[in-house]
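Residues per chain are reported as follows:
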Amino acid sequence: MRLLCLVLTLLLLQLGMSPAHADPLTLQQPVPGRALTLFDSSATRYSAGHRGVDLAASSGDAVHAAADGTVFFAGMVAGRPTISVDHGGSVRTTYTPAVAQVSKGQRVVAGQVIGVVGVDDHCRSACLHWGLTDGSDYFDPLAQLVTPGIRLLPHGSAPVPRTDLVSVLPSGGMPVAGRTSSRFGMRTHPITGVRKLHDGTDIAAPCGTPVVTPWSGRVVSASFHSAYGYRVIIEHDGLRTAYAHLQGLGVSTGAMLSAGSTLGFVGSTGLSTGCHLHWMAWKGGALIDPLSPVG
């Protein structure tokens, strides 16, 4: 067993990943300031949009690495001092304006000081623009925070209560009773080995366990997908959810479901390594963490 673990570790290192990066990437804030501007989830790859998070900071404040990795870039981009750190599989965090105190190729650990906040006109007041990218697309770094349940909001704002998303089930609004085995966020796919966004939350449960809709809604799709297997998509009021890898389809397109209605049973169809539910959610057409409406 020790020999097998050693071989796997060496293989991961040769692929440019540490063993820790076989799990979903978790981050810590590079500066402790409040969020001034949030990530714009509606921005597409080529459209205008805010592809990061602005955190309140003062010129000269220490900038800390959000996770273990290797310095990918340290220099000027469009006249702004910038640092980016690669965390394996081309997944990088970026920091602007940040005057580097590290060099390209240098290994860093989470929390290590990698630079200081520079002077820039990106924000009305001083800030650090923090980004997360795989080299092609951008993602919300706040969704990867180490501490679950924390939401940072722009200064002066408050979360708006969603009365339509109040839990109505004894399980607390979850679609199936089980253990959360993989959260929404960046990870290495267990089958393809590609590091990409895990676009839902996996809930491990025995095959055959009933899956219910936490909220009422209309079934907009009930079909088989090569990757998701048997999947049901439901449109709620301002929210769309999906339930994948089912054993089969328990409902049909167009059906109106009340909260708590069974829509299928846990399975392992499509690209799946075992019995579990892959739960997805969209708000305003953009993917979100399905646990965010209930947590």
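Anything mentioned here points back to the structure above.
In this report, the structure presented in the accompanying data block is examined. Everything numeric in this text was worked out from a predicted model, so none of it was measured.

## A short note on the pattern of salt bridges
Where charged atoms of side chains with opposite charge meet at close range, the side chains can pair.
Next up, step 1: All told, the structure shown has two salt bridges when counted by the stated rule.
Next up, step 2: The closest approach of N and O atoms between Arg183 and Asp289, which form a salt bridge, is 2.9 Å. Here the residue Arg183 occupies a position in the loop between β12 (179-182) and β13 (185-188), and Asp289 occupies one in the segment after β23 (286-288), the gap between them amounting to 106 residues.
Next up, step 3: Given a relative accessible area of 15%, Asp289 falls into the buried group.
Next up, step 4: In this structure, Arg240 and Glu235 form a salt bridge, with 2.6 Å as the shortest nitrogen-oxygen distance.

## Overview of the nonpolar core
Next up, step 1: Among the nonpolar cores identified, the biggest contains 28 residues, and Leu27, Val31, Val63, Tyr95, Val108, Ile114 and Trp130 are the most heavily contacted of them.
Next up, step 2: Only β2 (53-56), β5 (80-86), β9 (113-117) and β10 (127-133) provide two or more residues apiece to this core.
Next up, step 3: The dominant element in this core, judged by the number of residues it contributes, is β10, at three residues.
Next up, step 4: Counting 22 residues, the second largest nonpolar core, distinct from the first, contains Val251, Leu263, Leu277 and Ala281.

## Concerning the side chain of Thr93
Next up, step 1: Relative to the helices and strands, Thr93 resides in strand β6 (residues 92-96).
Next up, step 2: On the basis of relative accessibility, which here comes to 0%, the residue Thr93 falls in the buried class.
Next up, step 3: A polar atom in the side chain of Thr93 sits 2.7 Å from the side chain of His87.
Next up, step 4: With near-sequence residues (within four places) excluded, Thr93 lies in contact with Leu27, Ala66, Ile83, Ser84, Val85, His87, Trp130, Gly131 and Leu132.

## Quick notes on the packing of aromatic side chains
Next up, step 1: For the coordinates displayed, the defined rule picks out two aromatic pairs.
Next up, step 2: Ring geometry for Phe224 against Tyr230: centres 5.0 Å apart, planes inclined by 70°, an arrangement best described as edge-to-face.
Next up, step 3: Owing to a relative accessible area of 29%, Tyr230 belongs among the partly exposed residues under this scheme.

## Re unusual backbone geometry
Next up, step 1: Cis rather than trans, the peptide bond between Thr96 and Pro97 has omega equal to -10°.
Next up, step 2: Mapped onto the fold, Pro97 is located in the loop between β6 and β7 (98-100).
Next up, step 3: At Ala78, a position not held by glycine, the phi torsion is positive, near 55°.
Next up, step 4: Structurally, Ala78 can be placed in the loop between β4 (69-77) and β5.
Next up, step 5: Exposure remark for Ala78: the relative accessible area of 78% places this residue in the exposed category.

## Concerning the sheet that holds β9
Next up, step 1: Strand order in the open sheet formed by three strands is β3-β9-β7, with antiparallel pairing between adjacent strands. Of all the strands in the sheet, the pair left with one neighbour each is β3 (62-64) and β7. The mean angle between the axes of side-by-side strands here comes to 45°, regardless of whether they run parallel or antiparallel.
Next up, step 2: Of the strand pairs in this sheet, β3 and β9 are connected by three bridges, and their pairing is antiparallel. Across the sheet, residue His64 finds its bridge partner in β9, namely Val113.

## Describing the pairing of strand β19 (residues 240-246)
Next up, step 1: Within β19, six of the seven residues are buried, leaving the element largely enclosed by the surrounding structure.
Next up, step 2: Two strands pair when backbone bridges link them, and strand β18 (residues 229-235) and β19 are joined in this way by five bridges, in the antiparallel orientation. Bridging from a neighbouring strand, Ile234 pairs with Thr241 of β19.
Next up, step 3: Of the pairings in the sheet, the one linking β19 to strand β22 (residues 276-283) comprises five bridges and is antiparallel in character. Residue pairing across strands places Tyr243 opposite Trp279, the latter belonging to β22.

Rules behind the numbers
- Residues numbered from 1 in each chain as written.
- Predicted model: local features only at pLDDT ≥ 70, side-chain atom pairs only at ≥ 80, totals over all residues.
- Heavy atoms only, no water.
- Salt bridge = Lys/Arg side-chain N within 4 Å of Asp/Glu carboxyl O.
- Helix = DSSP H or I, 4+ residues; strand = E, 2+ residues; numbered from the N terminus.
- Buried < 20%, exposed > 50% of the residue type's maximum accessible area, 1.4 Å probe, protein only.
- Core = buried A, V, L, I, M, F, W, Y, C linked by side-chain atoms within 4.5 Å.
- Polar contact = N/O pair within 3.5 Å; in protein donor to acceptor, adjacent residues only side chain to side chain.
- Contact = heavy atoms within 4.5 Å.
- Phe/Tyr/Trp six-rings, centres within 6.5 Å; stacked < 30°, edge-to-face > 60°.
- Pairing = 2+ DSSP bridges.
- Axes fitted to C-alpha atoms, helices over the stretch in contact; angles between N-to-C directions.

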